[in-house]
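Fold and contact review
Chain by chain, the residues run as shown.
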Amino acid sequence: MKHLIYLITFLLATSIFAQKKETYIYSIKGNDTLKLDVYTPKNIKKTDTLPVLLWMHGGGFSVGSRDYKDDEKLAKYAAKKQNYIGVSISYRLLRKGTSTGFGCDCTKDEKLETFKQAAIDYMDAAKFIVEHAKELQIDTTKIIAGGSSAGAEGTLNAVFMREYFLDNAEDYNNVKFAGIFSCAGAMVNASYLTKDNAVPAVLFHGTKDQLVPFDNAPHHYCAPERDGYIFLDGSNVIAKKLDEFETSYYFHVVKEARHEISAIPFRELDKVFEFFDKTVINDEVIQTKIIKTKKP
């Protein structure tokens with residue numbers, strides 16, 4: 001009898017939180033067919049429209065995939081637990097197979113071009129879901145951009161620097177972001193983050209990140225004489241700008257931590273989505289900074 005009760009409870013839970021997955025091609029660029037996976041709660045009504053998390057995976061622009069286990073798990077979580085549409089995208093991995101990778105031997109110009117094309121791919125994915133919002137049942141006023149590491153760089157640059165990176169930015173006028181979720185991300189120039197384009201942000205970063213700077217510092221901490229010497233503005237700079245603009249943010253700092261903070265913070269996701277519920281859904285203004293110290 002006890003086993004039967006457990007079984008019924010399990011089936012009820014899985015049916016309540018189940019989701020369906022559909023894969024779409026959002027763009028074809030040269031030899032790259034770019035796809036996105038859309039996870040939708042199965043109990044969604046035909047008349048419903050839901051907020052969406054549009055996620056870009058990490059991997060130094062050379063590895064990773066939209067259906068990597070953690071990225072897929074996050075998109076499923078958004079649909080199953082938060083009643084969002086969860087979308088995980090592929091994009092062009094322009095540093096894959098290159099001899100210089102994305103470190104200090106990769107030139108500044110190559111890095112800027114990589115950031116540009118990643119921002120373009122992300123905006124194309126966003127444009128696709130906006131244009132197909134009716135069939136995907138997406139509320140286009142509640143698009144949360146998100147990414148980790150390289151994906152966080154791609155999304156931050158797309159959200160706050162679209163006019164800099166997109167030659168035809170007017171083609172994306174219908175794309176509006178309501179928030180951003182960044183794990184160990186940075187942008188090329190935070191002066192492009194203004195009061196007009198600022199949105200509620202969740203920022204996770206380690207103070208000793210050796211790849212993506214926590215503050216204003218060289219990418220990968222390359223020496224000035226190296227080809228890849230380029231300054232980026234990390235989460236600490238972004239949070240200060242948002243504070244100045246009285247825009248909501250949730251800044252999760254881990255002292256002494258390195259780039260491992262780019263991992264999706266599954267234990268903190270309830271807090272992340274609660275923040276977006278309050279600031280994006282209910283239009284509250286919340287500014288929170290959490291400081292933790294890395295465990296030895």
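Provided above is the structure to which this section pertains.
Anyway, here's the lowdown on the structure attached to this text. As the structure is a prediction and not an experimental result, all values here were calculated from the model. (Residues numbered from 1 in each chain as written. Predicted model: local features only at pLDDT ≥ 70, side-chain atom pairs only at ≥ 80, totals over all residues. Heavy atoms only, no water.)

1. Focus: the sheet that holds strand β9 (residues 216–218)
Condition: Strand pairing requires that DSSP identify at least two bridges connecting the strands. Strands are runs of DSSP state E lasting at least 2 residues, helices are runs of H or I lasting at least 4, and numbering of each runs from the N terminus.
Taken together, the three strands give an open sheet; going across it, the order is β7-β10-β9, and neighbouring strands pair in antiparallel fashion. Two strands close off the open sheet at either side, each with one partner strand: β7 (186–187) and β9. With three bridges joining them, β9 and strand β10 (residues 231–234) adopt antiparallel strand pairing. From the neighbouring strand, P218 faces β10, where its bridge partner is F231.

2. Describing the pattern of salt bridges
The criterion, for reference: Salt-bridge detection follows one rule: a side-chain nitrogen of Lys or Arg within 4 Å of a carboxyl oxygen of Asp or Glu. Only protein chains enter the accessibility calculation, which uses a 1.4 Å probe. A residue is then buried if its area is under 20% of the maximum for its type, exposed if over 50%, and partly exposed in between.
Taken as a whole and assessed by the stated rule, the structure comprises 15 salt bridges. A salt bridge links K29 to D124; its shortest N-O distance comes to 2.6 Å. Taken together, the residues K29 in strand β1 (residues 19–29) and D124 in helix α3 (residues 108–131) connect sequence positions 95 residues apart. Given a relative accessible area of 18%, K29 falls into the buried group. Among the charged side chains, a salt-bridge network with shared partners connects K21, D37, R66, E72 and K76.

3. Focus on the packing of α3 against helix α5 (residues 150–160)
Let me state the cut-off plainly: Axes here refer to lines fitted to C-alpha atoms; in helices the fit is confined to the stretch in contact. Angles between the N-to-C directions go from 0 to 180 degrees. Working rule for angles: under 35 degrees goes down as roughly parallel, over 145 as roughly antiparallel, 65 to 115 as roughly perpendicular, anything else as oblique. We call two residues contacting when some pair of their heavy atoms lies within 4.5 Å. Residues were grouped as follows: Ala, Val, Leu, Ile, Met, Phe, Trp, Tyr, Cys and Pro as nonpolar; Asp, Glu, Lys and Arg as charged; and all remaining residues, including Gly, as polar.
With their axes 8 Å apart at the nearest point, α3 and α5 run at an angle of 75° to one another. Overall, the two elements α3 and α5 adopt an arrangement that is roughly perpendicular. Of the residues in α5, those touching α3 at F115, A118, A119, Y122 and M123 are E153, G154, T155, N157 and A158. Looking at the contact of α3 with α5 residue by residue, the class counts come to six nonpolar, three polar and one charged.

Structural measurements only, silent on function.
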